[in-house]
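# A structural walkthrough
Single-letter residue listing:
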Amino acid sequence: MANTIELLQTGKRDRLIELEKKYQAKWQKDGLFEVNAPSPDELKGLSPAEVQDQYPKWFGNFPYPYMNGSLHLGHAFTISKIEFAAGYQRLLGKRVLFPHGLHATGMPIKAAADKIIREMEMFGPDFEQFDAEALDDKPGLNGPAAPSAAVGKATKGKIAAKSTGLTYQFQIMLSIGVPRTEIKKFADPHHWLEHFPPICKEDNNAMGNRIDWRRSFVTTDLNPYYDSFVRWQMNKLHALGKVKFGERYTIYSPKDGQPCMDHDRSDGEGVNPQEYTGVKMGVVEWSPAAKAIEGKVGGRKVFLVAATLRPETMYGQTNCFVGTSIKYGVFAINDTEAFVCTYRAARNMAFQGLSPERGQTLQLLEIDGAALVGTKIQAPFGLAPEVYVLPMDGVLAAKGTGVVTSVPSDSPDDFATLNDLRKKSEFYKIDRTWVSIDPIPVLTTPTYGELTAPRLVEKLKIQSQKDVKQLAEAKEIAYKEGFYGGVMLVGEFKGLSVQEAKPKVRASMIEQGLAFAYAEPENPVVSRSADECVVALMDQWYMDYGEPIWRSQAERLMETWTVETRNLFEATLAWLNQWACARTYGLGSKLPWDPQFMVESLSDSTIYMAYYTVAHLLHDGDIFGRKPGPLGVSVEQMTDEAWEYVFCNGPWPDPEPFPKEKADALKHEFNYFYPFDMRSSGKDLVQNNLTFLLYNHAAIFPEDKWPKGIRTNGHLMLNGKKMSKSTGNSLTLREGVQKFGADAMRLSLADAGDGVEDANFDEKTANANILRLHTLMTWCEEMIKDEANLRTGPKNSYHDRVFEEEIVDLINITKNHYDATAFKDALKFGFYELQSARDWYREVTADIGMHADLVKYWIRVATLMITPFAPHFAEYIWTELLKEPRSVQLALWPDPERTADRSIIETGVYMRGTLKTIRDAEITLLKRLQKGKKGKGGEDTLFDPKKPKAVRIYIATKFPEWQETCVQAVKESYSNPDDKVDDAKVRNILIEKGLIKDKRAMPFIQAFKKRMSEIGVNVAFRRTLLFSESEILKELLPLEDVEVFSVEEALQREGHGFTRTIIESSEPGSPAFEYRNV
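Residues numbered from 1 in each chain as written. Predicted model: local features only at pLDDT ≥ 70, side-chain atom pairs only at ≥ 80, totals over all residues. Heavy atoms only, no water.

### Observations regarding the overall build of the protein chain
The cut-off we apply is this: Helix and strand definitions follow DSSP, with helices as H or I runs of at least four residues and strands as E runs of at least two, each counted in order from the N terminus. Burial classes follow relative accessibility: with a 1.4 Å probe on protein chains only, a residue under 20% of its type's maximum area counts as buried, one over 50% as exposed, and anything between as partly exposed. Note on definitions: a residue-residue contact is assigned when non-hydrogen atoms from the two residues lie within 4.5 Å. Per-residue and other accessible areas were derived by the Shrake-Rupley procedure at a 1.4 Å probe size, with only the shown protein chains allowed to occlude residues. His is not counted, nor are the chain ends; Lys and Arg add positive charge and Asp and Glu add negative charge. Where a charge lies is defined by one atom per residue type, namely NZ (Lys), CZ (Arg), CG (Asp) and CD (Glu).
For the protein chain, the count of helices and strands is 35 helices and 31 strands. Dimensions of the protein chain, computed from C-alpha atoms along their principal axes, come out at roughly 110 × 80 × 65 Å. For the protein chain, the proportion of its 1078 residues judged to be buried stands at 57%. Look at the contacts in the protein chain between residues 6 or more apart in sequence, and 77% of them connect residues 24 or more apart. Looking at the protein chain as shown, the accessible area adds up to about 45,600 Å², and 50% of this sits on carbon and sulfur atoms. With 133 positive and 148 negative side-chain charges, the protein chain shows a spacing of 3 Å between the two charge centroids.

### Considering the packing of aromatic side chains
Applicable threshold: Each aromatic pair joins two rings of Phe, Tyr and Trp (for Trp, the six-membered one) with centres within 6.5 Å, and gets the label stacked for planes under 30 degrees apart, edge-to-face for over 60, and tilted for any other angle. Here, a charge over a ring is recorded when the distance from Lys NZ or Arg CZ to the ring centre is within 6 Å and its angle to the ring normal is within 35 degrees.
The tally for this structure, following the rule as stated, stands at 73 aromatic pairs. Relative to Trp858, the ring of Trp779 has its centre 5.4 Å away and its plane inclined at 85°; by these criteria the two rings are edge-to-face. Residue Trp779 is found in helix 23 (residues 763-785), and its partner Trp858 is found in helix 26 (residues 852-866); the two are separated by 79 residues along the sequence. Residue Trp779 is classed as buried on the basis of its relative accessible area of 8%. Judged by relative accessible area, which is 1%, Trp858 ranks as buried. Over the ring of Tyr876 we find Arg15, and its NZ or CZ is 5.7 Å from the ring centre.

### Describing the nonpolar core
Stated formally: Residues enter a nonpolar core if they are buried and are Ala, Val, Leu, Ile, Met, Phe, Trp, Tyr or Cys, with the set joined through side-chain atoms within 4.5 Å.
Grouped together as the largest cluster of nonpolar side chains are 114 residues, with contacts concentrated most on Phe761 and Phe869. Apart from residues lying up to four places away in sequence, Phe869 is in contact with Phe84, Asp743, Arg746, Leu747, Ala750, Tyr818, Phe823, Ala826 and Leu827. Met261, Trp550, Leu557 and Leu694 belong to the second largest nonpolar core, which has 78 residues in total.

### Quick word on the pairing of strand 3 (residues 243-253)
Going by this rule: Between any two strands, at least two bridges found by DSSP are needed for them to pair.
Judged by how many residues are buried, strand 3 sits mostly within the fold: eight of eleven residues are covered. As paired strands, strand 3 and strand 19 (residues 534-543) are joined by ten bridges and run antiparallel to one another. Residue Val243 lies in a different strand from strand 19, and its bridge partner there is Met543. Relative to strand 4 (residues 258-259), strand 3 runs antiparallel, the two sharing two bridges. Following the sheet pairing, Tyr252 is matched in strand 4 by Pro259. Between strand 3 and strand 4, which pair antiparallel one after the other, the connecting turn spans four residues, and Gly257 there sits at a positive phi close to 70°.

### Overview of the pairing of strand 31 (residues 1072-1077)
Sheet faces and side chains relate simply in a regular strand, where the side chains alternate between the two faces. Of all six residues in strand 31, six are buried, a share of seventy percent or more. Burial along strand 31 is two-sided: the face carrying Ala1072, Glu1074 and Arg1076 and the face carrying Phe1073, Tyr1075 and Asn1077 are both buried. Pairing between strand 27 (residues 949-955) and strand 31: six bridges, direction antiparallel. Note that in strand 31 the partner of Arg952 across the bridge is Glu1074.

### Topic: the environment of Glu656
Here is the rule we go by: Under this definition, polar contacts are N or O atom pairs within 3.5 Å; protein pairs additionally need one hydrogen-donor-capable and one acceptor-capable atom, and for neighbouring residues in sequence, both atoms have to be side-chain atoms.
Topologically, Glu656 is positioned in the loop between helix 18 (640-648) and helix 19 (660-673). In this structure Glu656 comes out as partly exposed when scored by relative accessible area, which is 43%. Once the C-alpha coordinates of Glu656 and Gln637 are considered, the two residues, 19 residues apart in sequence, prove to be 8.9 Å apart. Within the structure, the side chain of Glu656 is placed 2.9 Å from the side chain of Trp652, a separation counted as a polar contact.

### Some thoughts on the side chain of Ser529
The topology assignment puts Ser529 in the loop between strand 18 (526-527) and strand 19. The class of Ser529 is buried, set by a relative accessible area of 15%. Apart from the residues within four sequence positions on either side, Ser529 is in contact with Ser253, Lys255 and Asp256.

### So, the environment of Tyr66
Mapped onto the secondary structure, Tyr66 falls in the loop between strand 1 (57-61) and helix 4 (73-91). Placed 361 residues apart in sequence, Tyr66 and Phe427 show a C-alpha to C-alpha distance of 57 Å. At 3.2 Å, the side chain of Tyr66 and the backbone oxygen of Thr105 are in polar contact.

### Topic: the sheet that holds strand 4
Spatially, 4-3-19-20 is the arrangement adopted by the four strands of the open sheet, whose pairing is antiparallel. The sheet terminates laterally at strand 4 and strand 20 (579-580), the two strands that pair on one side only.

### Here we look at the pattern of salt bridges
Let me state the cut-off plainly: A pairing counts as a salt bridge when a side-chain nitrogen of Lys or Arg comes within 4 Å of a carboxyl oxygen of Asp or Glu.
Here the structure, examined in full by the defined rule, presents 48 salt bridges. In this structure, the salt-bridge partner of Glu555 is Arg551, at a minimum N-O distance of 2.8 Å. The exposure class of Glu555 is partly exposed, given its relative accessible area of 37%. The partly exposed category is assigned to Arg551, whose relative accessible area is 27%.

### Focus: unusual backbone geometry
Of note, the amide linkage connecting Asp654 to Pro655 takes the cis form, showing an omega dihedral of 10°. Relative to the elements of secondary structure, Pro655 occurs in the loop between helix 18 and helix 19. Omega for the peptide link from Tyr674 to Pro675 comes to 10°, which places this bond in the cis form. Mapping Pro675 onto the fold places it in the loop between helix 19 and strand 23 (678-682). Of note, Asp620 is a non-glycine position whose phi angle comes to about 35°, a positive value. The residue Asp620 is located in the loop between helix 17 (608-618) and helix 18 in this model.

### Some thoughts on helix 17
Across the eleven residues of helix 17, eleven count as buried, placing the element largely inside the fold. Among the residues of helix 17, those classed as buried are Tyr608, Met609, Ala610, Tyr611, Tyr612, Thr613, Val614, Ala615, His616, Leu617 and Leu618. Buried residues belonging to helix 17 abut strand 1, helix 8 (224-239), helix 18, helix 19, strand 23 and helix 20 (689-700).

### Quick look at the sheet that holds strand 2 (residues 95-97)
The condition is simple: Axes here refer to lines fitted to C-alpha atoms; in helices the fit is confined to the stretch in contact. Angles between the N-to-C directions go from 0 to 180 degrees.
Taken together, the four strands give an open sheet; going across it, the order is 2-1-23-24, and neighbouring strands pair in parallel fashion. The open sheet is flanked by strand 2 and strand 24 (710-713), the only strands paired with a single partner. Taken pair by pair, the neighbouring strands of this sheet meet at an average axis angle of 20°, ignoring direction. Helix 17 rests against strand 1 and strand 23 of the sheet, and its axis sits at about 125° to strand 1.

Given below as structure tokens:
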């Protein structure tokens, strides 16, 4: 059942959509978003700085979406960040380039096409043999038709086939509106790229996005120009030594027969190989239940193998653990050895040279974990050379080998389990002699001494192995304490720090044949072909990310707009290392020097932003590059040397492949627009593609072409919940536009959020935005129509001054938020607050009327400031009502070229606040009278609401002494360099001044700190008003009778009608009120 709302009345929406379609058609016809570099003659003799000063540009882009379905609202959210920024930068008079590519590289489309082939074999060419009753055959454009190739760790952010609730690929195709008789065409992966790109373009245009479609292209070798570009990129990286070949661990799909990189996965994006030490614990004597194994292993020596991350602790083994409910196998490793472990672990080992035949496990027999309990084994490097196999509740079949070494001196889990077994040996069906070995000190730490685990178990009050939460905490503490502060007490490396000893112990164990290197995925990974992936040790082409010099270049970070994004980059750069860059299955460009491989999808999408700058000259809007563009340069002519000349100032080849002036035209466009100014992306791509982008730019381009900024956002929820097609809580971009209209949807995208935390698209907000836009449009129409009836002449009303200054102030505030890409705040001040200022002006000038010049000024400003968000609405107001001859897309920001008068602004704030306070006070008094309560001072009221009313206003010229003390405490505790208040110091000062127990103090300080952030530190500490309260009140308050007294004057009259408690509640900027009858 759908969880999205239904719109009951659509007349206003339909009117807005009618205008949107009208202006979209005109913009496309006029080519408003097609932008070129200034001509060489215009730039002749100018330095790069002078070029940007006289001909400023802005280049924004986002990750090209995968062409396996319609764009969904999450795409629209990420796109909107570039779209809003592009609209704003156009208002600043810049040449704005916003291109849009179409991604097809990788496995998703090929995997989906292969599924259709299999389903046609099962159900017939039109799937006519499928049980129709089990099929929900309702068409509608509902998102990706194949698993998405982008975004996010694990499954987060994906609303593709996995969440549709549909079983077969052809069902997914039906659900997105593909007719049953057409589905067979999608068995050809190339057909996907004929079908979905036009839909993508239509949807973007329907949203009103300012895209230069001449520069669009499809990736893979289907576009030979782009293919040539990728081959040049890879050849250059190879020549620079950035692409290497060698044996390394990689996540691998046995079913696909190739590495399974992030974009090849349906589950497990961001998961890497986890390297362990496989410890070989030779069987000394089988338990009675496992005795039968002896004659079934072909004379092989049998080892229980454990995967450990702490080889340095192996000296302290007291036993080993297995899971009693786990099924174990005895696997032949070679002719002389067999390992006892889980099948999952053996499958990983088979791809790491630890099986008779690569990729094949040879299981000799299967045995229950319970049968292994009581087996005596050797403990490699153990001070207790022989130990027993014991049961443990927490052993996982999905982690490690299913066999766990036990070192109770340093593992809280092992110590807790050992205690349990000793206390309940009968319950666990073990012989007490099997648990006779006490924890053996292996290393010492500054905090916990020689027995870290027992001390932590005691400290955290851990009672048994079932205290999972406390044990997890203890485990983390023990590992960090041991690794960073531990010193070895025993063994060959006694006296060394654990950090030094760890690799040495591992190497020694492996050298002596007591251990081996083992790896597995750190978390489950499933390929798009539904294969559980393993870690394989294999020869492959890989990018040498993490190489120290290259990493230092990539770490020269650009603008990120948020601290969170910068932290994500720094964390990724700290751990990212070698990355497989080639595959054999899917779509893509062939590796130039080893064409049996293709470039994987995250490696061919790192510098394509540069390709945007020249694409229109090479193939001019033909996304497949089937014919040369305006320059008439053929694919064959775009040699590596030509690309090097265009992008990297390489020498022009001799003989030349084509006339040099054509190459100079390409170089001219690139040099003007590059580097890009902003890239918008989901935050999940920082851990791979965005960081790859930094590495690749650093390797390929000169430093002045490195990215200027990368902005990231969180995932988009819908109506406060994760988007999911199976629950009906989903919207495609097209559905959003059809349901709410482009501008109302865009306003809601702007309002959804700007940080890296998850944002929320609220359909109720989108619906309300329809009314907001229509109401504002109607009001503007009325004002223009009735202009003759508005007040003219000098703007001599104080309200005129306040209104004009507030407009100026809101222009400047909104601009600051646009500059910071804080679009939610830009919308708040440039749309909502601006209308609030107009509403107040309209209210307080009801007697004299609004001034015509200010009304038109407000309409112009409102139109221009909303243009990035609601361009269709703005176009209507700009050209139809204000009769401007050129499109609002060509208009400039309404720069007042000055700051607002703060005294006037504060007057306006004071006026609003005071009037609201007076009204609230009257309402409170009326409620009190209705309940028969007495006044603030306990006296009987002197106010009869049925009679004409008046008010006495009490004005304070200084703050209460306790408040001044609090403010001074904050001032003394404030650090200007850190822009932070030391709360501990504030508390100490309050204790010293005797105010710490005053219940008014801390709430006041919290409110004051909030005011510091809102109005600025200097203004907040100033604590004086920029205007005279008495003059403003006497001139402006719309009351029948107003008396204004200073606090001092009022206290002298204390008595009848002058209540002390009310008088003393007054503060500067916050007068007190007392009503009376006249």
